[in-house]
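Here are the chains, one letter per residue:
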Amino acid sequence: MVDHSSNRFSLCADCLIGFRYNGRFYEGGCVNAFTIRAPDDWHCHLRDGDVLSRTVADQSRYFIRSIVMPNLASPVLTIDDAQAYYQRIMMHVPSGRQWQPCMTLYLTESMDAKTIRMAKQSSYILAVKLYPAGATTRSEFGVSNLSRIEPILSVMEEVDLPLLVHGEVVDDACDIFDREAQFIDRYLQPLVEKFPRLRVVLEHITTQAAVQFVRSSSSNVAATITPHHLLLNRNDLLVGGLKPHHYCLPVLKRSRDQQALIEAAISGYPCFFLGTDSAPHAVDAKESACGCAGIYSAHAALEFYAEVFEQHDALGRLEKFASEYGARFYQLPLNEQRVTLVKASWTVPEQLTFGSDMLVPLFAGQSIGWSVRDIEPVNNKCDKKGKGSASEYDY
């Protein structure tokens, strides 16, 4: 074993393949272990109630911060809602964990400017989430007419509070595989042109069109990419029988879209960063005549990303994608903790407990090639007023 500790990689000396990292080439590039800055998850669903014992435990295993979605049965509409949900979440954080949830508000057409200004001053609310009404799980409280929220978007631009977007049109005449591209053309492109200083994250992108849109936009526009959209395409959902546990929204797309997402994730462009969109549902809710949309990946999220980056000879770029680009976009300090990934296979359980029910996790019953060691204990919080704003870093 050759330990290049300055680059935090352990390499197999017997391997005949080289490995390039930070501009240097190492002979014998079979990576057995490597250490990176501890990651953040910039998009997750924790749900509420007794299931938090599952979702919070998984989410806090090595992520230091996670942006929590507000689409509960009773959505997170106000500052008080966000504070109460934050407190319920924190009651389930296992002892010794350093994880912090970063809260979001659910954007409605009746939201007022006072709420936006209070959210900006809050130490635990990081953004506002836009759901087109009817586009996804519990989006019925969302926005039907984007022109009605323009006054709120103007205030968000003024105070610099990010907008997170579920980017799909709700139009029966639009093919479900085209809804993201249509949303970008009809609504998102005009929105970013009208509010050029508004920081916007196009969540869980799924198409080549979304990649091209983000790449061609200003540095105020970014996107999260999920592990399941990197690992799967619509063939994995449909071929050989419908796979309900591969059903999500936005739905899995074509193989060429999957390839575009992989290229974006490993590209080294800071506009693309980690966001799992881990979204749990009980088995009965997935395996039904009208199954719920959502894939649960929090049990092995970083391991899944490592699989993709390794398959494309890009392990050296995983740290920036998982641990740096998102923090810089949100103007938060980089995490000081470190996490080590080890080349050690394990099998994902067939099911996991989910409150009084069970859920089927991503890749249930299948082998994963990477394992994650415990993180180093260092104090770190989701504090919008912390040191390390985006201006302090070179992209």
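Scroll up to find the structure this text is about.
Nothing here was measured: the structure is a model prediction, and the numbers come from that model. (Residues numbered from 1 in each chain as written. Predicted model: local features only at pLDDT ≥ 70, side-chain atom pairs only at ≥ 80, totals over all residues. Heavy atoms only, no water.)

Notes on empty space enclosed by the protein
Rolled over the atoms, a probe sized like a water molecule indicates the empty space that remains.
Moving on, step 1. Across all of its chains, the model carries 3 cavities of 30 Å³ or more by this definition.
Moving on, step 2. Here the largest cavity defines a volume of roughly 130 Å³.
Moving on, step 3. Surrounding the largest cavity, 17 residues form its lining, His-45, Thr-136, Leu-249, Asp-277 and Ala-279 being those nearest its centre.
Moving on, step 4. Empty space within the second largest cavity amounts to approximately 70 Å³.
Moving on, step 5. As for the second largest cavity, its lining consists of His-245, Ala-279, Pro-280, His-281, Lys-286, Gly-294, Ile-295, Tyr-296, Leu-359, Val-360, Pro-361 and Leu-362.
Moving on, step 6. Its residues assigned to classes, the lining of the second largest cavity comprises 8 nonpolar, 3 polar and 1 charged. (1 Å grid on protein atoms, 1.4 Å probe; cavity = no way out; pocket = protein on both sides within 12 Å on 5 of 7 lines; lining within 4 Å. Points joined across faces, edges and corners; volume = space filled by probe spheres on them. Nonpolar A, V, L, I, M, F, W, Y, C, P; charged D, E, K, R; others polar.)

Observations regarding helix α12 (residues 318–329)
Moving on, step 1. Spanning 12 residues, α12 covers 17 Å between terminal C-alpha atoms, matching the ideal 16 Å at 1.5 Å per step.
Moving on, step 2. Most of α12 sits inside the fold, with 11 of its 12 residues counted as buried.
Moving on, step 3. Among all positions in α12, only Leu-318, Glu-319, Phe-321, Ala-322, Ser-323, Glu-324, Tyr-325, Gly-326, Ala-327, Arg-328 and Phe-329 are buried.
Moving on, step 4. Gln-331, located one to two residues past α12, shows a positive phi value of around 60°. (Helix = DSSP H or I, 4+ residues; strand = E, 2+ residues; numbered from the N terminus. Expected span 1.5 Å × (residues − 1). Buried < 20%, exposed > 50% of the residue type's maximum accessible area, 1.4 Å probe, protein only.)

Re the environment of Gly-316
Moving on, step 1. With respect to the helices and strands, Gly-316 occurs in the loop between α11 (301–311) and α12.
Moving on, step 2. Take Gly-316: its relative accessible area is 22%, and that puts it in the partly exposed class.
Moving on, step 3. Between the C-alpha atoms of Gly-316 and Gly-268, which are 48 residues apart in sequence, the distance is 9.9 Å.

Structural notes on the pairing of strand β7 (residues 65–68)
On any regular strand, side chains alternate: one points to one face of the sheet, the next to the other face.
Moving on, step 1. Alternating positions in β7 separate into two faces, Arg-65 and Ile-67 on one and Ser-66 and Val-68 on the other, with burial throughout.
Moving on, step 2. As judged from the 2 bridges shared by strand β6 (residues 41–44) and β7, these two strands associate in the parallel manner. Following the sheet pairing, Asp-41 is matched in β7 by Ser-66.
Moving on, step 3. As a crossover connection, the stretch from β6 through helix α1 (residues 52–59) into β7 is right-handed.
Moving on, step 4. Note: β7 against strand β8 (residues 100–106), 3 bridges, orientation parallel. Looking at the pairing, Ser-66 lines up with Pro-101 of β8.
Moving on, step 5. For the segment spanning β7, helix α2 (residues 79–90) and β8, crossover handedness is right-handed. (Pairing = 2+ DSSP bridges. Right-handed = clockwise from strand over helix to strand, strands pointing away.)

A look at a negative patch on the surface
Moving on, step 1. Taken together, the side chains of Asp-50, Asp-284, Glu-287 and Asp-357 present a region of like negative charge at the surface.
Moving on, step 2. Within the fold, Asp-284 resides in helix α10 (residues 283–286). (Patch = residues over 30% accessible without salt bridge, like charges linked within 9 Å, V, L, I, M, F, W, Y side chains within 5 Å. Areas by Shrake-Rupley, 256 points an atom, 1.4 Å probe, with all protein chains shown as cover. Salt bridge = Lys/Arg side-chain N within 4 Å of Asp/Glu carboxyl O. Lys, Arg positive; Asp, Glu negative; His and termini not counted. Charge placed at Lys NZ, Arg CZ, Asp CG, Glu CD.)

Let's talk about the pattern of salt bridges
Moving on, step 1. In total, this model carries 16 salt bridges according to the counting rule given.
Moving on, step 2. Of the charged contacts, one joins Arg-88 and Asp-48 as a salt bridge, the two residues approaching to 2.8 Å between their closest N and O atoms. Separated by 40 residues along the polypeptide, Arg-88 in helix α2 and Asp-48 in the loop between β6 and α1 bring together distant segments of the chain.
Moving on, step 3. Looking at Arg-88, the relative accessible area reads 31%, which means it is partly exposed.
Moving on, step 4. The salt bridge involving Lys-194 is made with Glu-150; its shortest N-O contact spans 2.7 Å. In this pair, Lys-194 is assigned in helix α5 (residues 179–194) and Glu-150 in helix α4 (residues 150–159), connecting sequence segments 44 residues apart.
Moving on, step 5. Residues joined in a network through salt bridges with shared partners are Asp-178, Arg-254 and Asp-257.

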